[in-house]
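One-letter residues, chain by chain:
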Amino acid sequence: GKGIAVFTSGGDAQGMNGAVRAVIRMGIYLGAKVYFIKEGYQGMVDGGDNVVEASWSSVSGIIHKGGTVIGSARCKDFRERPGRLKAAKNLVKKNITNLVCIGGDGSLTGANLFRVEWSSLLDELLSTGEITKEERDTCAYLNIVGMVGSIDNDFCGTDMTIGTDSALHRIIEAIDAIVATAYSHQRTFIMEVMGRHCGYLALVAALASEADFVFIPEWPPEPNWPETLCKKLAQERAMGQRLNIIIVAEGAIDREGQPITAEQIRKVVVDQLKQDTRITVLGHVQRGGSPSAFDRILGCRMGAEAVLALFEMKPDSEAVVVSLDGNQAVRVPLMACVEKTKAVAAAMAAKEWEKAVELRGRS
Ligand code: F6P
């Protein structure tokens, strides 16, 4: 049968286990031999016990778990050709020529590079006698399907990345808890949420929690933001509100591209309004915990679609990403999505904020 391997790469995200489970089970159902690769690209490079054939029951009881049970890593070795050469050998030896990569844009770009290089890697392995001519011929093409797992929702080409919904639930729960204590003491809280280069979590959390102000990297505030912020907070208090909530994305910046930190905001509020102000940095609790129903189902749908895509792909097809578009599972060209995601970063670096927001909005 067809040899398919699934791995998770980069930061973990809730729902990855559901996706892994669906890949394994759909693959087995369709008659493929399906493998886990543990520890992401590192496991592919190191081979050995990291590449394990999966069975139907090996993915029982994981859909409700946070993180990724097969491990993940941010791998340096795979960025260099010698690492990819080792990875290619490990795959060929198990007759694996189909990969399902669950990760962010960096991981998916890596997968595409691997596919493009594949035949030259195999030529080199043949020339050094590490694989046979027969192995080279049976494994001539590598097919890649990606799925976007990231709490940040920072990938252009899908409505929601796997993990975002659960992270939002966690954030909202935390804000609700903070609101109760803030109310009691008439305090102001600044909550820092994740999203290195993407303000989605901050923006949506702010809307869903009636926050007073939000800082996101795609739309930095005007230079006089301290004044605007204080006016807004004071106005709310004047109307009888006992607390204020400010959400700041960890990647928030000003119009010069300089970071705006929670501490900076706190100083503004304390100096100008003398409000009792505290900071809460949510950190990795946003990535832990059990996945929401939405992320479990999203992972399952994407995983099943990924396997179908591999079965329908011609040899040497362009890599695709399975994504959610208007609540439909669709297949989109991987590199086009990566390019668009990079265009957002480029627009932000060039301080073209309107463009950054527009590109994000259509993602
Ligand atoms: O990309 C996911 C993410 O959680 C970001 O929101 C955050 O900036 C980053 O990963 C943290 O990375 P690490 O877990 O390696 O510290």
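Placed above this text is the structure.
From a predicted model like this one, the values you see are computed outputs, not experimental measurements.

Asks: Mind showing me how you'd approach helix H3 (residues 81-93) here?
Replies: In an α-helix, one turn spans 3.6 residues, which is why side chains three or four residues apart end up on the same side. Under the 1.5 Å per step criterion, the end-to-end length of H3 is 18 Å for 13 residues, consistent within 8% with the ideal 18 Å. For H3, the set of buried residues is Gly83, Arg84, Leu85, Ala87, Ala88, Leu91 and Val92. Directly beyond the C-terminal end of H3, a positive phi value near 60° is found at Asn95.

Asks: I tried to follow the layout of surface pockets on my own but got confused; where do I start?
Replies: Where empty space is left in the structure can be found by rolling a water-sized probe over the atoms. What the largest pocket holds in volume is close to 950 Å³. Contributing to the lining of the largest pocket are 38 residues, with Arg74, Asp105, Gly106, Ser107 and Arg196 lying nearest its centre. Elements supplying a minimum of two residues to the lining of the largest pocket: helix H4 (105-127) and helix H11 (334-349). Class assignment for the residues of the lining of the largest pocket results in 12 nonpolar, 14 polar and 12 charged. In this structure, the second largest pocket spans a volume of roughly 230 Å³. Tyr200, Leu203, Glu218, Arg360 and Gly361 are the residues nearest the centre of the second largest pocket, which is lined by 14 residues in total. For the lining of the second largest pocket, the element with the most residues is helix H12 (residues 353-361), which contributes three residues. Grouping the constituent residues of the lining of the second largest pocket by class yields six nonpolar, five polar and three charged.

Asks: Explain the packing of H4 against H11 here, please?
Replies: Helix-helix packing is characterised by the crossing angle of the two axes and by the distance between the axes. Between H4 and H11, the least distance of the axes is 10 Å, while the angle of their chain directions is 140°. Here H11 runs oblique to H4, going by the angle between their axes. In the crossing of H4 with H11, the sense of the turn from one axis to the other is left-handed. In this structure, H4 uses Asp105, Leu108, Thr109 and Asn112 to contact H11, whose residues at the interface are Leu334, Met335, Val338, Thr341 and Lys342. For the contact of H4 with H11, the class distribution of residues is four nonpolar, three polar and two charged.

Asks: I would appreciate a short explanation of the site of the ligand in the present structure.
Replies: In the vicinity of the ligand, the contacting residues are Arg74, Ile151, Asp152, Met194, Gly195, Arg196, Glu250, His284 and Arg287. Contact between the ligand and Arg74: an oxygen atom at 3.1 Å from a side-chain N or O atom of the residue. For the ligand, whose free accessible area comes to 390 Å², the fraction covered by protein is 75%. Among the detected pockets, the ligand sits in the largest pocket. Class assignment of the residues belonging to the shell around the ligand gives a composition of two nonpolar, two polar and five charged.

Asks: Explain the packing of aromatic side chains to me, please; I cannot follow it from the model alone.
Replies: We describe a pair of aromatic rings using the distance from one ring centre to the other and the angle between the two ring planes. Throughout the structure, instances matching the rule amount to six aromatic pairs. Arranged with centres 5.2 Å apart and planes meeting at 80°, the rings of Phe215 and Trp225 form a pair that is edge-to-face. Note that Phe215 is positioned in strand E7 (residues 213-215) and Trp225 in helix H8 (residues 225-238), a separation of 10 residues in sequence. Given a relative accessible area of 2%, Phe215 falls into the buried group. Above the plane of the ring of Phe311 lies Lys2, whose end atom (NZ or CZ) is 5.3 Å from the centre. Above the ring of Trp219, the side-chain terminus of Arg255 is found at 4.9 Å from the ring centroid.

Reading guide: rules and limits
- Residues numbered from 1 in each chain as written.
- Predicted model: local features only at pLDDT ≥ 70, side-chain atom pairs only at ≥ 80, totals over all residues.
- Heavy atoms only, no water.
- Helix = DSSP H or I, 4+ residues; strand = E, 2+ residues; numbered from the N terminus.
- Expected span 1.5 Å × (residues − 1).
- Buried < 20%, exposed > 50% of the residue type's maximum accessible area, 1.4 Å probe, protein only.
- 1 Å grid on protein atoms, 1.4 Å probe; cavity = no way out; pocket = protein on both sides within 12 Å on 5 of 7 lines; lining within 4 Å.
- Points joined across faces, edges and corners; volume = space filled by probe spheres on them.
- Nonpolar A, V, L, I, M, F, W, Y, C, P; charged D, E, K, R; others polar.
- Axes fitted to C-alpha atoms, helices over the stretch in contact; angles between N-to-C directions.
- Parallel < 35°, antiparallel > 145°, perpendicular 65-115°, else oblique.
- Left-handed = near helix turned anticlockwise from the far one by under 90°.
- Contact = heavy atoms within 4.5 Å.
- Near = heavy atom within 4 Å.
- Polar contact = N/O pair within 3.5 Å; in protein donor to acceptor, adjacent residues only side chain to side chain.
- Areas by Shrake-Rupley, 256 points an atom, 1.4 Å probe, with all protein chains shown as cover.
- Sits in = over half its atoms within 2 Å of the grid points.
- Phe/Tyr/Trp six-rings, centres within 6.5 Å; stacked < 30°, edge-to-face > 60°.
- Lys NZ or Arg CZ within 6 Å of the ring centre and 35° of its normal.

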